[in-house]
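# A look at the structure
Below are the chains, spelled out letter by letter.
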Amino acid sequence: MTEACALTLNAGSSSIKFGLFDIAGAAPAPLMTGLVENIGGAARMKAEFGAEKRAQELSGAADHPGALGEILSLVRTEFPQARIEAVGHRVVHGGPAHGEPALLTATLMAELAKLEPFAPLHQPHNLAGVRAAMAAFPDAAQIACFDTAFHRNHPWVNDVFALPREFYDKGVRRYGFHGLSYDYVSGELARIAPHLHAGRVIVAHLGNGASMCALQGGRSVGSTMGFSALDGLPMGTRCGQLDPGVLLYLMEQEGMDARAISDLLYKRSGLLGLSGLSNDMRALEASDTPEAAQAIDYFVFRIRRELGALAAVLGGLDALVFCGGIGENARRIRERICEGMGWIGLEIDHAANAANATVISAELSRVRALVIPTDEEIVIARAAQRLSAGTRQAAE
Ligand code: ADP
C-alpha cells in the first residue's frame, strides 16, 4: 500500500534541510529528517529515521538539483511505499502581501522572484529548491511557507522606517523573519500554558540566525529583525543592529561596494567578527580569549536591551521563551540574559535552567521563563498537508 507523504525542504545557500512526513492521519507524523550540507563543495548528507542515524559523503551533489536528487533517492530507497503528495518549502520572503502559506503557481513563482533583491542571499536558493522539486515531483502540490508571514499583522509603527513614504510603498519595510519558528513556539505555548499564550510574550530565537519577537495573544506585534535578516541581535556571522551612517562611512572612506559590504555584514561580522575566532557559541564558551568573552558579552547585552524594548512595546511581560540552538542548549547564556531582571518580574531558577527544563523561572517569579525547542519542519509539513488536501478537494 502506498502512503501519502509530504516532503519538507528548507534550501539555504549551501545546505538543504529536509523532512519526510506521513500525512495520511490527522496530523503529519515524521518519518525522516535530514540535511545535505556543503553543497558546491564536498557535500555530506545526514539523515535520521526511526532509530537509524546515517551520515555519508555525496559525490553527485554539486548543486541544489543534485542535492535534491540525492534526497529523492534516499526517500525512494528507504521509503519505497511513500507517495509524495506535497512538497512544503521554506521561503524566506513573501513580501507584504502573504500572511499565510500559499500554493506555488507559475504566477506566485514570478511574484516571489521579484522579491529576490529583498533577500539576495536566501530567496534565489529557496526558489531554486522549488524549481528542482517541481521537476522531481511534477504531480505534487508545491507549498510555500514564508518566514515573513507570521509578522504581517504588525502595527504600522512597527512596520515602517522614517524614510519618505515612497520607499514604504516600494516595499522598504520591517518584515521580520523566523516566522515558522515563532509560529511553532507560539502553538506549543498555547498547548503548554494557554494563559501565558493569551498574554504578553517575548520569544528569543537564538541560533546561528537570531531574533526576538513580541507576541500579544499569539500574534506578532514586533520583531528585532526588519527589512533584512541582518537587523537586531548580533548573530553567528551577521552584524545585527547597525547605524546606517556606518554604511556611508564604509562606502565613502573604505571604498567598499555593495558586494563587499554584503560579505562583511552577512558573513564576517557578529560573533565571528567580534571574537576573531568562531561563529559557534560552543567554541566561544570553550575559549579563554578576551575577544571570545567580549563577543558573548555583546550578544547577551543586545538581547537584554531588546528584551526591555519589546517589553515596552507589549506594555509589560508575562513570559519569555527561549528557542534555537543557543536558546535551547546554552544554559549559561540564558542565565546571563535573565540575571538582574527582577525589575521586570523575572527570576530564574538556576537548577531548572541547568537541567534545560521547560520552565526555568523560579516559582515566585511573576514572569515565567520557558525553553521550547523549535521545529520549523513540522510547521511546513502541517501547511503542506492542509493545502494539498484543499487542492485535492478542489480538483474532485
Ligand atoms: P541555525 O540558525 O543554523 O539553525 P541552530 O539553531 O542550530 O542554528 O543554532 C546553532 C548555534 O547553537 C551555534 O552557535 C551553536 O554553538 C549553538 N549551540 C548548540 N548547542 C549548544 C550548547 N550545548 N551550548 C552552547 N551553544 C550551543
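Residues numbered from 1 in each chain as written. Predicted model: local features only at pLDDT ≥ 70, side-chain atom pairs only at ≥ 80, totals over all residues. Heavy atoms only, no water.

A word on the overall build of the protein. When its secondary structure is counted, the protein shows 15 helices and 13 strands. A globule of 396 residues ought to have a C-alpha radius of gyration of about 21 Å, and the protein, at 21 Å, matches this closely. Along the first, second and third principal axes, the C-alpha atoms of the protein reach 60 × 55 × 45 Å. Burial analysis of the protein (396 residues in total) assigns 52% to the buried set. For the protein, the accessible area works out to roughly 17700 Å², and carbon and sulfur atoms hold 54% of it. (Helix = DSSP H or I, 4+ residues; strand = E, 2+ residues; numbered from the N terminus. Rg over C-alpha atoms; globule rule 2.2 N^0.38 Å. Buried < 20%, exposed > 50% of the residue type's maximum accessible area, 1.4 Å probe, protein only. Areas by Shrake-Rupley, 256 points an atom, 1.4 Å probe, with all protein chains shown as cover.)

Next up on the list: the layout of surface pockets. The computed volume of the second largest pocket comes to approximately 1000 Å³. Taken together, 36 residues make up the lining of the second largest pocket; nearest its centre are Phe-161, Phe-227, Ser-228, Asp-231 and Leu-242. Those elements giving two or more residues to the lining of the second largest pocket turn out to be β11 (219-223), α7 (244-252), α8 (258-267) and α11 (290-314). With 6 residues, the top contributor of residues to the lining of the second largest pocket is α11. When its residues are assigned to classes, the lining of the second largest pocket shows 21 nonpolar, 9 polar and 6 charged. (1 Å grid on protein atoms, 1.4 Å probe; cavity = no way out; pocket = protein on both sides within 12 Å on 5 of 7 lines; lining within 4 Å. Points joined across faces, edges and corners; volume = space filled by probe spheres on them. Nonpolar A, V, L, I, M, F, W, Y, C, P; charged D, E, K, R; others polar.)

As a structural note, the neighbourhood of the ligand is formed by 14 residues, with Asn-208, Asp-280, Met-281, Arg-282 and Gly-325 the closest of them. At a separation of 3.1 Å, an oxygen atom of the ligand approaches a polar backbone atom of Asn-208. Here an oxygen atom of the ligand and a backbone polar atom of Ile-326 are 3.3 Å apart. Against a free-state accessible area of 580 Å², the protein chains account for coverage of 71% of the ligand. A class-by-class count of the residues in the shell around the ligand yields 3 nonpolar, 7 polar and 4 charged. (Near = heavy atom within 4 Å. Polar contact = N/O pair within 3.5 Å; in protein donor to acceptor, adjacent residues only side chain to side chain.)

Scanning the entire structure with this criterion turns up 1 cavity of 30 Å³ or more. Its boundaries defined by the atoms lining it, the largest cavity holds a volume of some 40 Å³. Class assignment for the residues of the lining of the largest cavity results in 6 nonpolar, 2 polar and no charged.

We now examine the packing of aromatic side chains. Describing an aromatic ring pair means giving the distance of the ring centres and the angle of the ring planes. Enumeration according to the criterion identifies 6 aromatic pairs in this entry. Through successive ring pairs, a cluster of aromatic residues spans Phe-118, Tyr-175 and Phe-227. Against the face of Phe-167 rests Lys-170, its NZ or CZ located 5.2 Å from the ring centre. (Phe/Tyr/Trp six-rings, centres within 6.5 Å; stacked < 30°, edge-to-face > 60°. Lys NZ or Arg CZ within 6 Å of the ring centre and 35° of its normal.)

The next thing to look at is the sheet that holds strand β8 (residues 141-146). In space, the 8 strands of this open sheet follow the order β5-β4-β3-β2-β1-β6-β8-β7, with mixed pairing throughout. The open sheet has two edge strands with one neighbour each: β5 (52-57) and β7 (102-103). Looking at chain direction, strand β1 (residues 3-11) and strand β2 (residues 16-22) are connected through 7 bridges and run antiparallel. When the bridges of β2 are listed, Ala-11 appears paired with Ile-16. (Pairing = 2+ DSSP bridges.)

Here the idea is simple: oppositely charged side chains can pair when their charged atoms come close. Tallying each qualifying case throughout the model produces 17 salt bridges. With its nearest N and O atoms 3.4 Å apart, the salt bridge here joins Arg-44 to Glu-37. The partly exposed category is assigned to Arg-44, whose relative accessible area is 31%. A salt bridge links Arg-332 to Glu-339, with the nearest nitrogen and oxygen atoms 3.6 Å apart. Among the ionic contacts, a cluster of salt bridges with common partners joins Glu-37, Arg-44 and Lys-46. (Salt bridge = Lys/Arg side-chain N within 4 Å of Asp/Glu carboxyl O.)

Here we take up the pairing of β8. With 6 of 6 residues buried, β8 is to be regarded as a mostly interior element. Burial of the side chains of β8 extends over both faces: Ala-141, Ile-143 and Cys-145 are buried on one face and Gln-142, Ala-144 and Phe-146 on the other. In terms of strand pairing, strand β6 (residues 82-91) meets β8 through 6 bridges, oriented parallel. Within β8, the position partnered with Ala-86 by the bridge is Ala-141. As judged from the 2 bridges shared by β7 and β8, these two strands associate in the antiparallel manner. When the bridges of β8 are listed, Leu-103 appears paired with Ile-143.

Once that is clear, we can look at the environment of Tyr-175. Checked against the element boundaries, Tyr-175 lands in the loop between α4 (165-169) and α5 (179-192). Note on Tyr-175: relative accessible area 0%, which makes it buried. In sequence terms Tyr-175 and Asn-158 are 17 residues apart; their C-alpha atoms lie 9.1 Å from each other. Discounting chain neighbours no more than four positions away, the residues touching Tyr-175 are His-93, Gly-95, Pro-96, Phe-118, Thr-148, His-151, Arg-152, His-154, Gly-226 and Phe-227. There is a polar contact of 2.6 Å between the side chain of Tyr-175 and the backbone oxygen of Gly-171. (Contact = heavy atoms within 4.5 Å.)

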